[in-house]
Amino acid sequence: MASLNKVLLIGNLGRDPEMRYMPDGSAVCNFSIATTETWKDKNSGQKQEKTEWHNITMYRRLAEIAGQYLKKGSSVYIEGRLQTRKWQDKTTGADRYTTEIIADEMKMLGGRGGAGMGGGSEYDQTPPAYNEAPQARGGNMGGGAPAAAPQARPAPQKPQSFDDFEDDIPF
């Protein structure tokens, strides 16, 4: 019989990612995310809530991206697999086990102004208003000093007839 070890989670980071590097130089990123389930109690009618914490580990390039862009509170989608590790407690010497999710895919969720992607307008995916310069939105995407004065883009000219359209269709 075939088997499957697949985890899909959407949650929020409980702490900033912790970056480390292996002896060969490849990146390792660890963080935890919270998923919350809510329901209405049948007996009391009260709203109930349960939060589960999941330890996430990422390797190589995905780890570097997570370490660079994720922050506490960021909302993420994670795909990966469950893995249980055995280790020894340094104080008691007892065998301990840790179950974690080894992520192989991540999508940063959330939007403008929230903690979803580190909280900043530079990650905003909404296009600027027509004829508005990108710097006028408040984000300094270049990382340096803000541009001197935003310049409006000229409005495109409407084609006068069907023959004025360009023929750059690839098929």
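Residues numbered from 1 in each chain as written. Predicted model: local features only at pLDDT ≥ 70, side-chain atom pairs only at ≥ 80, totals over all residues. Heavy atoms only, no water.

In the annotation of an unreviewed UniProt entry, the entry for the protein chain reads Single-stranded DNA-binding protein, and the organism field reads Chitinimonas taiwanensis DSM 18899. The UniProt entry for the protein chain carries this comment under Subunit (unreviewed entry): "Homotetramer." (UniProt positions renumbered as here; feature names shortened; annotations may be inferred.)

This part is about the overall build of the protein chain. Looking only at helices and strands, one finds 1 helix and 6 strands in the protein chain. Taken from N to C terminus, the helices and strands of the protein chain fall in the order β-β-β-β-α-β-β. In the protein chain, buried positions account for 25% of the 171 residues. Sequence separation of 24 or more characterises 52% of the internal contacts of the protein chain that already satisfy a separation of 6 or more. Summed over all atoms, the accessible surface of the protein chain reaches about 12,700 Å², with 51% contributed by carbon and sulfur. (Helix = DSSP H or I, 4+ residues; strand = E, 2+ residues; numbered from the N terminus. Buried < 20%, exposed > 50% of the residue type's maximum accessible area, 1.4 Å probe, protein only. Contact = heavy atoms within 4.5 Å. Areas by Shrake-Rupley, 256 points an atom, 1.4 Å probe, with all protein chains shown as cover.)

Glancing now at the pattern of salt bridges. Here the structure, examined in full by the defined rule, presents 8 salt bridges. Across the pair Glu-52 and Lys-50 runs a salt bridge whose closest N-O atoms are separated by 3.4 Å. Measuring nitrogen to oxygen at the nearest pair gives 2.5 Å for the salt bridge that ties Glu-105 to Lys-107. By relative accessible area, Glu-105 is classed as partly exposed at 27%. (Salt bridge = Lys/Arg side-chain N within 4 Å of Asp/Glu carboxyl O.)

This brings us to the environment of Thr-57. Position of Thr-57 relative to the elements: it lies in strand S4 (residues 47-59). It is 9.7 Å that separates the C-alpha atoms of Thr-57 and Pro-17, two residues lying 40 residues apart in sequence. With near-sequence residues (within four places) excluded, Thr-57 lies in contact with Val-28, Cys-29, Asn-30, Glu-100, Ile-101, Ile-102 and Ala-103. Looking at Thr-57, its side chain comes within polar contact range of the side chain of Asn-30, at 3.2 Å. (Polar contact = N/O pair within 3.5 Å; in protein donor to acceptor, adjacent residues only side chain to side chain.)

This next bit is on the pairing of strand S5 (residues 75-88). Relative to S5, strand S1 (residues 7-13) runs antiparallel, the two sharing 6 bridges. What sits directly across from Leu-9, in S5, is Ile-78. In terms of strand pairing, S5 meets strand S6 (residues 95-108) through 13 bridges, oriented antiparallel. Of the residues in S6, the one forming a bridge with Thr-84 is Thr-99. Between the end of S5 and the start of S6, which pair antiparallel, lie 6 residues, with Gly-93 showing a positive phi angle near 80°. (Pairing = 2+ DSSP bridges.)

Now for the side chain of Asn-30. Looking at the element boundaries, Asn-30 is found in strand S3 (residues 27-40). Polar contacts involving the side chain of Asn-30 include one to the side chain of Arg-20, which spans 3.2 Å. Among all residues touching Asn-30, those that are not within four sequence positions of it are Arg-15, Pro-17, Glu-18, Arg-20, Ile-56 and Thr-57.

Moving on: the nonpolar core. Formed by 18 residues in total, the largest nonpolar core has its most connected members in Phe-31, Ile-33, Ile-56, Met-58 and Ile-78. Elements with a contribution of two residues or more to this core: S1, S3, S4, helix H1 (60-69), S5 and S6. With 4 residues, S3 is the largest single contributor of residues to this core. Once residues lying within four places of it in the same chain are set aside, the contact partners of Ile-78 are Val-7, Leu-8, Leu-9, Phe-31, Ile-33, Ile-56, Met-58, Ile-101, Ala-103, Glu-105 and Met-106. (Core = buried A, V, L, I, M, F, W, Y, C linked by side-chain atoms within 4.5 Å.)

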